[in-house]
Each structure stands twice: as C-alpha cells, then as structure tokens.
Amino acid sequence: MGPSSIHSHVTGRQSAETKSVTPQTNSNASNIDAIHEKIHAYQAALFYGIRHESINTAAKKSEHWIKLGDLFTDKEQWAEAIASYKNARSLSDKEPVIHYKLGNACLKSSSTAEAINAYRAAVALQPTFPAAYLAMGNALALENKITEAISCYTTVIEQNSQNVAAYTNLSALFSLQGNQAGVAFCDQALAELNAESYEKE
C-alpha cells in the first residue's frame, strides 16, 4: 500500500447554496448558472471597488477574493481558484485559512510542492490546525516524504484523537515502512473509534 492510497481529505468546499433542496429538472445546469452569477457578481464588486473604492479596505477586498476562490473551487476550476486565493493572500497574508484553501486548490491541480508550502504557512500562523496538518500529510505522502507525512498525521492525532483519516493514513504509511507495531496501534485506535460510533447509533 503506497502513498497513492492515502485518503484525500482536501476536497473542494461544497456550498449549501449550490445544492438543490428538492429534486428539480436540470438542477445541475441551474446550480452552474447560479455559481456563474455569483462569480460575475463578486468580480464586478471587486472591479467596482478597485475603481471607485466602495470596497475600501484590504480586508473587504480579501474577503471577496476568498469568496471568488470558493466559487471557482465549487466549479473545480483550480487555476482560477488558485489565482483568487493568491490575490486574497496578497491583501491579508496573516489569515491561516487563506493559505489552507490555497493549498487545497494547489493540491487539486497537482501543484504538490506549492500546496505543501501553503500548508506550512497555514500551520505557522495557526499551530492548532488539524485539517491543515492532515492535508499537508497527504501532500507530503504523495511526494514520498514519508517521515514528514507521518509527523503531520501524528500531530493531527495529538490535536484531535478522534480523526479517523489521520489513523487510516498513518496506518498506510506504517505498513509501507514495515512498522507492524505502528499499524497495530492505528488499527486498535480505529477499532475503538468504530466501536464508539456503533454504540452511539
């Protein structure tokens, strides 16, 4: 079992606004149209704000770029999402979530090294950020940086002992290393988490 088997938990953000509440004909087309409309609205707002200063602070401009990036992520237009998040970062580079979202988009576009750099920036700004450590572990595993990936997954577990993905991915890497004790530790933790989940049902 190699790094390619690593669970990916860096999927694009799903917006509730793009989901149909009730079954509709051509709902996918309607959802895409709605996303297009929002993209155009945010682009227009940014253009107007830059030209006429109605969006008169860097924070507000950054917020609009983030929303644009999220919409492009919903459409899986990774190049546009990356560009939007980078614009947001240029205006507000101390926000860990911007770096995290940029990392996710980079990873989706197979820019793994850039994704890792973005995740590193996110956790430097917010050391307690399990989702960023998990995503960075996934990216490092894809780059065959197994020791660093293991360190990331271990940090996730230290910060959130209920994280099934971290145990699953860590077990895969321990197996790759032939570390049977590590595999047994992860499998035991997963069994206990599954038992807890079953008891709650």
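About the thresholds
- Residues numbered from 1 in each chain as written.
- Predicted model: local features only at pLDDT ≥ 70, side-chain atom pairs only at ≥ 80, totals over all residues.
- Heavy atoms only, no water.
- Helix = DSSP H or I, 4+ residues; strand = E, 2+ residues; numbered from the N terminus.
- Buried < 20%, exposed > 50% of the residue type's maximum accessible area, 1.4 Å probe, protein only.
- Core = buried A, V, L, I, M, F, W, Y, C linked by side-chain atoms within 4.5 Å.
- Contact = heavy atoms within 4.5 Å.
- Expected span 1.5 Å × (residues − 1).
- Arc of directions from axis to C-beta.
- Polar contact = N/O pair within 3.5 Å; in protein donor to acceptor, adjacent residues only side chain to side chain.

Enquirer: A description of unusual backbone geometry should follow, citing residues and the corresponding values.
Expert: Phi angles above zero are rare outside glycine, and glutamate 76 is one such case at about 60°. Within the element layout of this structure, glutamate 76 appears in the loop between α2 (58-74) and α3 (78-91). Given a relative accessible area of 58%, glutamate 76 falls into the exposed group.

Enquirer: Residues and numbers for the nonpolar core, please.
Expert: In this structure, Tyr100, Tyr119, Met136, Tyr153, Tyr167, Leu170 and Leu173 are the most contacted members of the largest nonpolar core, which totals 48 residues. Here this core gets 8 residues from one element, more than from any other, and that element is helix α6 (residues 130-142). What tyrosine 167 contacts, discounting residues up to four positions off in sequence, is Ile157, Ser161, Phe185, Cys186, Ala189, Leu190 and Leu193.

Enquirer: Requested: an account of helix α7 (residues 146-159), with residues and values cited.
Expert: The α-helix winds at 3.6 residues per turn, so residues separated by three or four positions along the chain end up facing the same way. In this model, α7 (14 residues) spans 20 Å end to end at C-alpha, consistent with the 20 Å of a helix rising 1.5 Å per residue. Ile146, Ala149, Ile150, Cys152, Tyr153, Thr155, Val156 and Ile157 are the residues of α7 that are buried. Its buried side turned inward, α7 meets α6 and α8 (164-177).

Enquirer: Lay out helix α5 (residues 112-125) with the relevant residues and their values.
Expert: Over its 14 residues, α5 extends 20 Å from the first C-alpha to the last, a length consistent with the 20 Å expected when each residue adds 1.5 Å. Listed in full, the buried residues belonging to α5 are Thr112, Ala115, Ile116, Ala118, Tyr119, Ala122 and Val123. All buried residues of α5 fall inside an arc of 165° around its axis, so they share one side. Summarising the geometry of α5, the exposed residues directed more than 90 degrees from the buried face are Asn117 and Ala124. In the core, the buried residues of α5 are packed alongside α4 (96-108) and α6.

Enquirer: Go over the environment of asparagine 179, please, and point to the residues and values.
Expert: Position of asparagine 179 among the secondary structure elements: in the loop between α8 and α9 (180-200). We classify asparagine 179 as partly exposed; its relative accessible area is 27%. Looking at asparagine 179, its side chain comes within polar contact range of the main-chain nitrogen of alanine 181, at 3.3 Å.

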